[in-house]
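Residue-level structure breakdown
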Amino acid sequence: MKNMILFGSVLGMLICSTAFAQDNFTVVTQVVDAYPVLSPDGKHIVFSSNRTGTYQIYVCDPEGSDMLQLTNSKGSNVCPVWSPDGGKIVFASERDNDSEIYIMNADGTGQKRLTVQAGDDSHPKFSPDGKRIIFNSARTSPDLSVPWTSQYLEIFTMDFEGNDVKQITALNSVCTYPGFSPDGSRIVFRQLLKAPGLNWSLDSIPFNSEVFVMNSDGSNPVNVSRHKAYDGWPVWMADSETILFTSNRGGLKNMGQLYRVQLNGSHLSSISDLDNSFIQASVSKDGNAILAQRNWETETYEYGHIVKINIE
């Protein structure tokens, strides 16, 4: 690892030592623990997991103990994020046969649907002051029957009651995974450009996934990843000046490493090495730790557990 210490497995089971070639073992379980986020006070981790067969949301302590399941619905529940005060959790759910944004208390009570729109509403996060929720939505797409990559997923904000919806982008593209900078002045997001690129398996495709930063009003979007590889899952570092994201530009199929880059796309550096694959990272409020899913994936299976990485 570069510039960090692998703290250890927080959740899930490591099925086989990565010292063995994939041909030498058979996958027995395919549990995925995903989208981990440390609470503002550092005492709990919220995450989604398919350990029951359907993705549900859980909380536990930083060592993976005292686990509590917060959701229990037929549809998947994913992408949970704490409010700045730690009292609420916002997430996406398909419990009503369509991906919508929900909010609940930190103990799982008071679950409430905030969006009521056809198409994908997902990847919600709170603004730094906790007054608004930013998310991506396909509500302006002219045709929801076309493939997802050809729809319009724009970025919106709303208040925590689901009202006062404001459209931030109008790029007629796939824009996902938005998040406000800690100081609230900018938004980071992932955009799918109509240009030759590589997918997660390093196959050539007519789309290129890139990481962008723009002002909080949607103006001046800047491509900060600038590579034909798959770049995604961007989040802010605590300084509001650095972006953390995952990329497979290292050249290994179905494996991505963590990179950080400045707001103008300069000073790109890798944080992890080619021996591991990390996706869906988040950064602690104090900036001292990264949580991520340590991921194993092929064309036929995927599994992963959550790790905490101390930043030097």
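As the structure is a computational prediction, the values presented were derived from the model and not from experiment.

**As for the sheet that holds strand S2 (residues 33–38)**
Neighbouring strands of a sheet are bound in pairs by backbone hydrogen bonds; such pairs are parallel or else antiparallel. Read from one edge of the open sheet, four strands run S2-S3-S4-S5, paired in antiparallel fashion. Lying at the two open borders of the sheet, with one neighbouring strand each, are S2 and strand S5 (68–69). Sheet topology note: the strand S4 (residues 56–60)/S5 ladder contains two bridges and is antiparallel. If you follow Tyr 58 over to S5, its bridge partner there is Gln 69.

**Details of the pattern of salt bridges**
Taken as a whole, this structure holds eight salt bridges when the rule is applied. Between Arg 113 and Asp 96 there is a salt bridge; the shortest N-O distance is 3.0 Å. You can see Arg 113 sitting in strand S9 (residues 112–113) and its partner Asp 96 sitting in the loop between strand S7 (88–93) and strand S8 (100–105), a full 17 residues away along the chain. Linking Arg 249 and Asp 231 is a salt bridge whose minimum nitrogen-to-oxygen distance equals 3.1 Å. With Arg 249 in the loop between strand S21 (242–247) and strand S22 (257–262) and Asp 231 in strand S20 (residues 231–236), this residue pair connects regions lying 18 residues apart in the sequence. Shared partners join several salt bridges into a network, and the residues in it are Asp 96, Glu 100 and Arg 113.

**Focus on unusual backbone geometry**
The backbone of His 123 sits at a positive phi, close to 55°, despite the residue not being glycine. Among the secondary structure elements, His 123 is positioned in strand S10 (residues 121–126). Here the phi dihedral of Ser 240 falls at roughly 60°; this positive angle occurs in a residue that is not glycine. In this fold, Ser 240 is placed in the loop between S20 and S21. For Ser 240, a relative accessible area of 4% corresponds to the buried category.

**Considering the packing of aromatic side chains**
In total, this model carries 11 aromatic pairs according to the counting rule given. With a centroid separation of 6.5 Å and an interplanar angle of 35°, the aromatic rings of Tyr 35 and Tyr 177 are classed as tilted. Of this pair, Tyr 35 sits in strand S2 while Tyr 177 is found in strand S14 (residues 174–180), placing the two residues 142 residues apart along the sequence. For the pair formed by Tyr 35 and Tyr 177, the shared burial category is buried. Three or more aromatic residues joined by ring pairs make a cluster, and in this case those are Trp 200, Tyr 230 and Trp 233. Just above the ring of Tyr 58 sits the side chain of Arg 51; from NZ or CZ to the centre is 5.6 Å. For the cation-ring pair, Lys 125 lies above Tyr 177, with the distance from its terminal atom to the ring centre recorded as 3.8 Å.

**Details of the nonpolar core**
With 21 residues, the main nonpolar core has Trp 233, Leu 244, Leu 258 and Ile 290 as its most contacted residues. Contributions of two or more residues to this core are made by S2, S20, strand S24 (278–283), strand S25 (289–297) and strand S26 (302–311). Excluding residues that lie within four positions of it along the chain, Trp 233 makes contacts with Tyr 35, Tyr 177, Trp 200, Leu 244, Phe 245, Thr 246, Ile 279 and Gln 280. Counting residues in hydrophobic clusters, the runner-up holds 11 residues, among them Val 81, Val 90, Leu 114 and Met 158.

**Looking at the sheet that holds strand S19 (residues 222–223)**
One open sheet accounts for four strands, arranged S14-S15-S18-S19; its pairing is antiparallel. Each edge of the open sheet is held by one strand with a lone partner, namely S14 and S19. The sheet contact formed by S14 and strand S15 (residues 186–193) spans five bridges and is antiparallel. Considered in S15, the bridge of Gly 179 is made with Val 188.

**Regarding the pairing of strand S11 (residues 132–137)**
Extensive coverage of S11 is indicated by the burial of six of its six residues. Summarising the sheet, S11 and strand S12 (residues 154–159) pair through six bridges and their orientation is antiparallel. Bridge pairing links Arg 132 to Asp 159 in S12.

**With respect to the confidence of the model for the protein chain**
A low pLDDT means the predicted coordinates there should not be read in detail. In the predicted model, the protein chain carries a mean pLDDT of 91, and 91% of its residues have values of at least 70. Below a pLDDT of 50 lies the segment residues 1–9, which in the model reaches 35 contacts outside its immediate sequence neighbourhood of four places, other chains included. Segment residues 12–23 is flagged for pLDDT under 50; beyond a separation of four residues in sequence, or across chains, it makes 16 contacts in the model.

**A short note on the side chain of Asp 120**
Looking at the element boundaries, Asp 120 is found in the loop between S9 and S10. Summary of buried charges: Asp 120 has no salt-bridge partner, and the nearest side chain of opposite charge, Arg 190, is 8.4 Å away. A distance of 3.0 Å separates a polar atom in the side chain of Asp 120 from a polar atom in the side chain of Ser 122. With sequence-adjacent residues up to four places away left out, Asp 120 is seen in contact with Ser 99, Asn 136, Ser 137, Ala 138, Trp 148 and Leu 153.

Analysis parameters
- Residues numbered from 1 in each chain as written.
- Predicted model: local features only at pLDDT ≥ 70, side-chain atom pairs only at ≥ 80, totals over all residues.
- Heavy atoms only, no water.
- Pairing = 2+ DSSP bridges.
- Helix = DSSP H or I, 4+ residues; strand = E, 2+ residues; numbered from the N terminus.
- Salt bridge = Lys/Arg side-chain N within 4 Å of Asp/Glu carboxyl O.
- Buried < 20%, exposed > 50% of the residue type's maximum accessible area, 1.4 Å probe, protein only.
- Phe/Tyr/Trp six-rings, centres within 6.5 Å; stacked < 30°, edge-to-face > 60°.
- Lys NZ or Arg CZ within 6 Å of the ring centre and 35° of its normal.
- Core = buried A, V, L, I, M, F, W, Y, C linked by side-chain atoms within 4.5 Å.
- Contact = heavy atoms within 4.5 Å.
- pLDDT = per-residue confidence, 0-100.
- Lys, Arg positive; Asp, Glu negative; His and termini not counted.
- Polar contact = N/O pair within 3.5 Å; in protein donor to acceptor, adjacent residues only side chain to side chain.

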